[in-house]
Number of protein chains: 2
Amino acid sequence: MEFNFSEVFGLIAAVCTTIAFVPQVWQIWKTKKVDDISLTMYLIFFTGVVFWLIYGILIKSLSVTLANTVTLVLVSIILGMKIRYRDK
Amino acid sequence: MEFNFSEVFGLIAAVCTTIAFVPQVWQIWKTKKVDDISLTMYLIFFTGVVFWLIYGILIKSLSVTLANTVTLVLVSIILGMKIRYRDK
């Protein structure tokens, strides 16, 4: 893995699309409300993040690999809470 | 841009994290309900997708560039509907 100028954009992108899920985690945590959130969206997104992680490792992209590791954790939390609270 | 084995994983990832937003768009379109969706999440995510797009072009990654172009459109629709329906 090498570091160059384009990685700056990748890292800003990675930070944004990763921390973006934090306010959603926080909102569900507070309200326990998940009705308007699509379960199908998070199931497909979770699958996609797993593939991004494999892709990031294969192309030796630091941004893609790091971002998707953290995103996987956050998306798993949202998915877990969606399944847990959806009948309430 | 070159095509190799790792791009297969990238393309599967790209397809998943892009089409994932379609069921969310559809659900909001049907219900007009957006209360449980975090506006902050989509504002930060939108910013991130713009940076992923720039990154994809810079590193000449077909998967990253294509995926984020479509994701930008879908996330913009969700963001637009969130802002439009949030007071209803």
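Residues numbered from 1 in each chain as written. Chains lettered and ligands numbered in written order. Predicted model: local features only at pLDDT ≥ 70, side-chain atom pairs only at ≥ 80, totals over all residues. Heavy atoms only, no water.

Each helix and strand in chain A was counted, giving four helices and zero strands. The order of helices and strands in chain A, counted from the N terminus, is α-α-α-α. If one aligns the C-alpha atoms of chain A with their principal axes, the spans along those axes are about 50 × 20 × 15 Å. When burial is assessed residue by residue, chain A has 49% of its 88 residues classed as buried. At a minimum sequence separation of 6, the contacts of chain A that also span at least 24 residues come to 72%. Summed over its atoms, the accessible surface of chain A is roughly 4400 Å², and 71% of this surface lies on carbon and sulfur atoms. Each charge sign in chain A was given a centre, from 8 positive and 5 negative side chains, and these centres are 11 Å apart. (Helix = DSSP H or I, 4+ residues; strand = E, 2+ residues; numbered from the N terminus. Buried < 20%, exposed > 50% of the residue type's maximum accessible area, 1.4 Å probe, protein only. Contact = heavy atoms within 4.5 Å. Areas by Shrake-Rupley, 256 points an atom, 1.4 Å probe, with all protein chains shown as cover. Lys, Arg positive; Asp, Glu negative; His and termini not counted. Charge placed at Lys NZ, Arg CZ, Asp CG, Glu CD.)

Contacts between the two partners involve 39 residues from chain B, matched on the other side by 39 residues from chain A. Summed over both partners, the interface of chain B with chain A comes to about 3400 Å²; 74% of that surface belongs to carbon and sulfur atoms. Looking at the side of chain B facing chain A, the largest losses of area belong to Asp-36, Trp-52 and Tyr-55 of chain B, adding up to 21% of the total buried there. There are zero salt bridges connecting chain B and chain A. The tally of links between chain B and chain A comes to 17 residue pairs in polar contact (both at pLDDT 80 or more). Looking at the side of chain B that touches chain A, the elements that each hand over two or more residues are α1 (5-19), α2 (21-31), α3 (39-58) and α4 (62-85) of chain B. (Buried area = accessible area lost by both parts, 1.4 Å probe. Salt bridge = Lys/Arg side-chain N within 4 Å of Asp/Glu carboxyl O. Polar contact = N/O pair within 3.5 Å; in protein donor to acceptor, adjacent residues only side chain to side chain.)

With that settled, the discussion passes to the relation of the copies chain B and chain A. Its rotation angle being 180°, the transformation that places chain B on chain A also includes 0.0 Å of axial translation and leaves an RMSD of 0.0 Å. Within this description, the copies of the chain are treated as partners about a two-fold rotation axis. Of every C-alpha in chain B, the one belonging to Asp-36 of chain B sits nearest the axis of rotation, 2.7 Å from it. Of the interface residues in chain B, 100% have counterparts in chain A that sit at the interface too, so the contact is made through matching surfaces. (Least-squares fit on C-alpha atoms with pLDDT ≥ 70 in both.)

What follows deals with the packing of aromatic side chains. On inspection of all chains with the given rule, the structure shows 13 aromatic pairs over all chains. Through a chain of ring-to-ring contacts, the aromatic side chains of Phe-21, Tyr-42 and Phe-45 of chain A together with Phe-21, Tyr-42 and Phe-45 of chain B assemble into a single cluster. The lysine or arginine in question, Lys-32 of chain B, covers the ring of Trp-29 of chain B, its NZ or CZ lying 4.9 Å from the ring centre. (Phe/Tyr/Trp six-rings, centres within 6.5 Å; stacked < 30°, edge-to-face > 60°. Lys NZ or Arg CZ within 6 Å of the ring centre and 35° of its normal.)

Let us look at the side chain of Thr-18 of chain A. Residues and elements named next belong to chain A. Counting through the fold element by element, Thr-18 comes out in helix α1 (residues 5-19). At 2.6 Å, the side chain of Thr-18 and the backbone oxygen of Ala-14 are in polar contact. A distance of 3.3 Å separates a polar atom in the side chain of Thr-18 from the backbone oxygen of Ala-67. When residues no more than four places from it in sequence are discounted, the contact partners of Thr-18 are Ala-67, Val-70, Thr-71 and Leu-74.

Moving on, we get to the confidence of the model for chain A. Residue and element names in this part refer to chain A. Per-residue pLDDT for chain A has a mean of 92; in total, 95% of the residues score no lower than 70. By mean pLDDT, α1 is the weakest element of chain A at 90, and helix α2 (residues 21-31) is the strongest at 98. In the predicted assembly, ipTM is 0.87 and pTM is 0.89. (pLDDT = per-residue confidence, 0-100.)

Core analysis: the largest hydrophobic core is formed by 36 residues, its most contacted members being Phe-21, Tyr-42 and Phe-45 of chain A together with Phe-21, Tyr-42 and Phe-45 of chain B. If we ignore the near neighbours within four places in the chain, the residues touching Tyr-42 of chain B are Met-41 of chain A together with Phe-21, Gln-24, Ile-37, Val-75, Ile-78 and Leu-79 of chain B. Core analysis: the next-biggest nonpolar cluster, separate from the first, contains 12 residues, Ala-13 and Ala-14 of chain A together with Ala-13 and Ala-67 of chain B among them. (Core = buried A, V, L, I, M, F, W, Y, C linked by side-chain atoms within 4.5 Å.)

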